[in-house]
Amino acid sequence: MRLSQYFLPLLRENPAEAQIVSHRLMLRAGMIRQSSAGIYSWLPLGHRVLKRVEQIVREEQDRSGAQEILMPTIQPAELWRESGRYDDYGDEMLRITDRHKRQMLYGPTNEEMITEIVRAAIKSYRDLPKNLYHIQWKFRDEVRPRFGVMRGREFLMKDAYSFDLDATSAKHAYNKMFVAYLRTFARMGLKAIPMRADTGPIGGELSHEFQILADTGESEVYCDKAWLETDILAEEVDYDGDLEPFFKQWTARYAATDEMHDAAKCPVPANELVAARGIEVGHIFNFGTKYSKPMGAVVSLADGSSVPLEMGSYGIGVSRLVGALIEANHDDGGIIWPRSVAPFDVGLVNLRGGDAKCVAAANELYGKLREGGVTVLYDDRDESPGAKFATMDLIGLPWQLIVGPRGVAAGTLEVKNRRTGERQDLPVDAALNRIVAP
Ligand code: 5CA
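Remember, it's a predicted structure, so these values are computed and weren't measured experimentally.

Draft legend 1. View of the sheet that holds strand 19 (residues 346–350). Reading across the sheet, the 5 strands line up as 20-19-21-22-23 and stay open at both edges, with mixed pairing between neighbours. Taken across any chain shown, the strands that pair with only one partner, and hence form the sheet edges, are strand 20 (376–379) and strand 23 (423–427). Ignoring strand direction, the axes of neighbouring strands in this sheet form an average angle of 25°. Bridging between strand 19 and strand 20 involves 4 bridges; their strand directions are parallel. Pairing of leucine 348 across the sheet is with tyrosine 378, part of strand 20. Here helix 11 (residues 385–395) sits on the sheet and contacts strand 19, strand 20, strand 21 (399–403) and strand 22 (412–417); the angle it forms with strand 19, its principal contact strand, is near 175°. Contacting strand 19, strand 21, strand 22 and strand 23, helix 13 (residues 428–436) runs over the sheet at an angle of about 125° to strand 23.

In structure tokens form, the structure reads like this:
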């Protein structure tokens, strides 16, 4: 993509309304635009990141055996009356009336809707287990929407729902999501720590929040220092095998949110305990028959009797993750995207828009990079080098390739690594190899 043609509405000044760095940088880098409190449009640069985050989430859900569907955002109130949550949910639910005076709502979550879908289709124990997920916009009329996409009113969530015959099988479904979540966040370069959690309005007994550590997090969290050294992607996982040892291993180390933490009872000595702020990027729940019983979602057994389905639900804050990624990856100059979620792999900068040789060299490089499967944002504008460098640093692409008259004469390029700041003059082929390497 040529920057001269790209829709990238950068802001020069720090927006006054943005209290935390990710919100500031998302506005300054032209990633989002607020429509009303807690509701945002995603502009091209932000949208590319959102889609990459979504794709990693999708790949890891699919790998675990969950199947993707898409449910509507608007739901009928009757469904929520069946579960008893219509009145309980309170002001956070956006209630809507259609032209026939039917009560509808903009879904804050989908337990009821998925239970209705499954109860209509699954009648026998032979059709179990199932895990269905979707990636869809939710609406919660939060009292205090803030921090940009981190606590929005409209936000993108991946929500999965598992259906099993008995509690043992349901725990296996829970464990699968537990593993998939650790893998998902690790692939984004984030260390998300699972913490025993309160179940709130979703309900149930067993629940874990996945928290990433960041100074601006809304939760107060405590964990064993040893967490910081873990590497989930180094582990082989067989989703069909027994995941209980894995679950035990990954929950053995202490980690708790402040609601669950009790300093007097904490097993970790103070010098090995990390007390920090956390951002909740995922939350998983096992709630048994809380929805299947009142909604009559049952299957028949071999002997003709019937039992309600054992259920769990599993959420990831997809749009929140974009903000969380920036909280965890930035410096004074701007964003520093991990390669796996970067909107483009490379920023190509031509320092001399008016110099025919530089233009030819930069154009050729642009073609070669794209042929090599590298995504490129090519700054072909007529701007000062300083402005171009500042833009590239702000939008945070992992690599910058800089074409200037001296390099063109010598057959070299400057390669800058955005994260380390390291700059190197390399011959063109060596520079390309450096970028293509993952
Ligand atoms: N039905 C369950 C699991 S599917 C559920 O709704 N869980 S939740 O309430 O914990 O939300 C799941 C995830 O969505 C959270 O972990 C968080 O990452 C994200 N999330 C929740 N509220 C917001 C919000 N207001 N803005 C952005 N992300 C949010």
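Alright, that's what it looks like, and here's the rest.
Draft legend 2. Looking closely at the side chain of glutamate 112. With respect to the element layout, glutamate 112 can be found in helix 5 (residues 111–121). Judged by its relative accessible area of 0%, glutamate 112 falls in the buried class. In this structure glutamate 112 touches Leu79, Trp80, Ser83, Arg85, Tyr291 and Met295, once residues within four positions along its chain are discounted.

Draft legend 3. Geometry of the pattern of salt bridges. Under the counting rule described, the total for this entry stands at 28 salt bridges. For the salt bridge of arginine 85 with glutamate 112, the shortest nitrogen-to-oxygen distance reads 2.8 Å. One end of the pair, arginine 85, is in helix 4 (residues 85–88); the other, glutamate 112, is in helix 5, and 27 residues separate them in sequence. Here arginine 85 matches glutamate 112 in class, with each residue buried.

Draft legend 4. Layout of the packing of aromatic side chains. Inspection of the entire model under this criterion finds 14 aromatic pairs. Residues phenylalanine 246 and tryptophan 250 carry aromatic rings whose centres are separated by 5.8 Å and whose planes lie at 25° to one another, so their mutual orientation is stacked. Highlighted residues: phenylalanine 246 and tryptophan 250, both in helix 7 (residues 244–252), separated by 4 residues, approximately one helical turn. Through a chain of ring-to-ring contacts, three or more aromatic side chains come together here, namely Tyr174, Phe178, Tyr181, Phe185, Phe210, Phe247 and Tyr314. We note arginine 48 situated over the ring of phenylalanine 344; from NZ or CZ to the ring centre the distance is 3.9 Å.

Draft legend 5. Layout of the site of the ligand. Inspection of the region around the ligand gives 22 residues, with Thr109, Glu111, Arg140, Gly152 and Glu280 positioned closest. Side-chain polar atom of histidine 283 to an oxygen atom of the ligand: 3.3 Å apart, as the coordinates give it. Mapped by element, the contributors of at least two residues to the shell around the ligand are strand 8 (154–164), strand 13 (273–288) and strand 16 (310–317). No other element matches strand 13, which puts 5 residues into the shell around the ligand. Split into classes, the residues belonging to the shell around the ligand amount to 8 nonpolar, 7 polar and 7 charged.

Draft legend 6. Inspection of the pairing of strand 1 (residues 32–36) at higher detail. Where strand 1 lies against strand 2 (residues 39–42), 4 bridges are found, and the strand directions are antiparallel. Residue pairing across strands places serine 36 opposite isoleucine 39, the latter belonging to strand 2. Here strand 1 folds back onto strand 2 in antiparallel fashion, the turn holding 2 residues, of which glycine 38 has a positive phi close to 70°.

Draft legend 7. Spotlight on the domain arrangement of the protein chain. Domain annotation of the protein chain identifies domain 1 (21–334) and domain 2 (344–436). Relative placement of domain 1 and domain 2: their C-alpha centres are 39 Å apart. The junction of domain 1 with domain 2 conceals about 760 Å² of combined surface from both sides, 54% of it contributed by carbon and sulfur atoms. If you sort the residues of domain 1 by the area they bury against domain 2, Leu45, Arg48 and Gly333 come out on top, with a joint share of 46%. Note that arginine 418 is salt-bridged to aspartate 331, the shortest N-O span being 2.8 Å. Summed over the shared surface of domain 1 and domain 2, the result is 4 residue pairs in polar contact (both at pLDDT 80 or more). Put simply, the parts of the chain that give the side of domain 1 that touches domain 2 at least two residues each are helix 1 (21–28) and helix 2 (44–63). Sorting elements by how many residues they give to the side of domain 1 that touches domain 2 places helix 2 first, with 3 residues. Tallied by class, the residues present in the side of domain 1 that touches domain 2 amount to 3 nonpolar, 3 polar and 4 charged.

Cut-offs applied
- Residues numbered from 1 in each chain as written.
- Predicted model: local features only at pLDDT ≥ 70, side-chain atom pairs only at ≥ 80, totals over all residues.
- Heavy atoms only, no water.
- Pairing = 2+ DSSP bridges.
- Helix = DSSP H or I, 4+ residues; strand = E, 2+ residues; numbered from the N terminus.
- Axes fitted to C-alpha atoms, helices over the stretch in contact; angles between N-to-C directions.
- Contact = heavy atoms within 4.5 Å.
- Buried < 20%, exposed > 50% of the residue type's maximum accessible area, 1.4 Å probe, protein only.
- Salt bridge = Lys/Arg side-chain N within 4 Å of Asp/Glu carboxyl O.
- Phe/Tyr/Trp six-rings, centres within 6.5 Å; stacked < 30°, edge-to-face > 60°.
- Lys NZ or Arg CZ within 6 Å of the ring centre and 35° of its normal.
- Near = heavy atom within 4 Å.
- Polar contact = N/O pair within 3.5 Å; in protein donor to acceptor, adjacent residues only side chain to side chain.
- Nonpolar A, V, L, I, M, F, W, Y, C, P; charged D, E, K, R; others polar.
- Domains from an automatic or database assignment.
- Buried area = accessible area lost by both parts, 1.4 Å probe.

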